[in-house]
Amino acid sequence: MMIVLSLIVNVLVLVPVLVGLLRDSAGMADTFGVDTPARAILVSVYLAIALLSAVLLLAPPGARADLVPGLLAVQIIYKVITVALLGPTHPVALANLLIAALHGVTFVTLYR
């Protein structure tokens with residue numbers, strides 16, 4: 001159940017963020033910086049996470065077990081690093097901290 005919740009959160013959070021970044025919507029430059037190659041790399045990472053999460057949601061539960069731990073581990077690590085680099089008051093860092101907490105709980109339940 002927690003695996004599905006983490007994957008759904010990934011998709012629900014990343015789809016609107018990706019749309020905003022790709023359209024360079026209002027406020028995106030303030031939050032993520034101006035549209036540069038670095039931001040394009042961020043979009044590619046976010047897109048990979050969203051696509052893998054969507055595919056895993058459609059996969060049989062047994063097939064998820066091989067890929068979910070790695071996906072969550074990478075997300076937890078980079079999201080915590082984001083907080084350290086941006087500070088906990090930055091909106092992306094705050095969202096990352098909350099999602100890292102959810103994914104941390106999910107990760108722990110994988111090994112209980």
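Preceding this section is the structure that the text describes.
A brief structural summary.

## Considering the pattern of salt bridges
In this structure the tally under the stated criterion is one salt bridge. Asp24 serves as the salt-bridge partner of Arg39, at 2.8 Å between the closest nitrogen and oxygen. Taken together, the residues span a long stretch of sequence, with Arg39 in helix H3 (residues 37–58) and Asp24 in the loop between helix H1 (2–23) and helix H2 (28–32) at a distance of 15 residues. Overall, the relative accessible area of 4% leaves Arg39 in the buried class.

## Here's the deal with unusual backbone geometry
Where the residue is not glycine, phi is negative for most of them; where a peptide bond is considered, it is trans in most cases. A positive phi angle is found at Asp24, which is not glycine, with a value near 50 degrees. Accessibility expressed as a relative area gives 42% for Asp24, which makes it partly exposed.

## With respect to the packing of aromatic side chains
Within the structure shown, the criterion is met by two aromatic pairs. Pairing Phe32 with Tyr46 gives two aromatic rings, centres 6.3 Å apart and planes at 80 degrees, and the pair type is edge-to-face. Note that Phe32 is positioned in helix H2 and Tyr46 in helix H3, a separation of 14 residues in sequence.

## Some remarks on helix H4 (residues 61–86)
With 26 residues, H4 should cover 38 Å at 1.5 Å per step; its first-to-last C-alpha distance of 36 Å lies within 8% of that length. Considering bend angle alone, the principal kink of H4 is centred on Leu67 and spans about 45 degrees; proline Pro69 follows within four residues of it. Listed in full, the buried residues belonging to H4 are Arg64, Val68, Pro69, Leu71, Leu72, Gln75, Ile76, Lys79, Thr82 and Val83. Where H4 is buried, its residues contact H1, H3 and helix H5 (91–110). Two residues or fewer past H4, Gly87 is found with a positive phi of approximately 90 degrees.

Definitions and cut-offs
Residues numbered from 1 in each chain as written. Predicted model: local features only at pLDDT ≥ 70, side-chain atom pairs only at ≥ 80, totals over all residues. Heavy atoms only, no water. Salt bridge = Lys/Arg side-chain N within 4 Å of Asp/Glu carboxyl O. Helix = DSSP H or I, 4+ residues; strand = E, 2+ residues; numbered from the N terminus. Buried < 20%, exposed > 50% of the residue type's maximum accessible area, 1.4 Å probe, protein only. Phe/Tyr/Trp six-rings, centres within 6.5 Å; stacked < 30°, edge-to-face > 60°. Expected span 1.5 Å × (residues − 1). Bend = angle between axes of the 7 residues up to and from the residue. Contact = heavy atoms within 4.5 Å.

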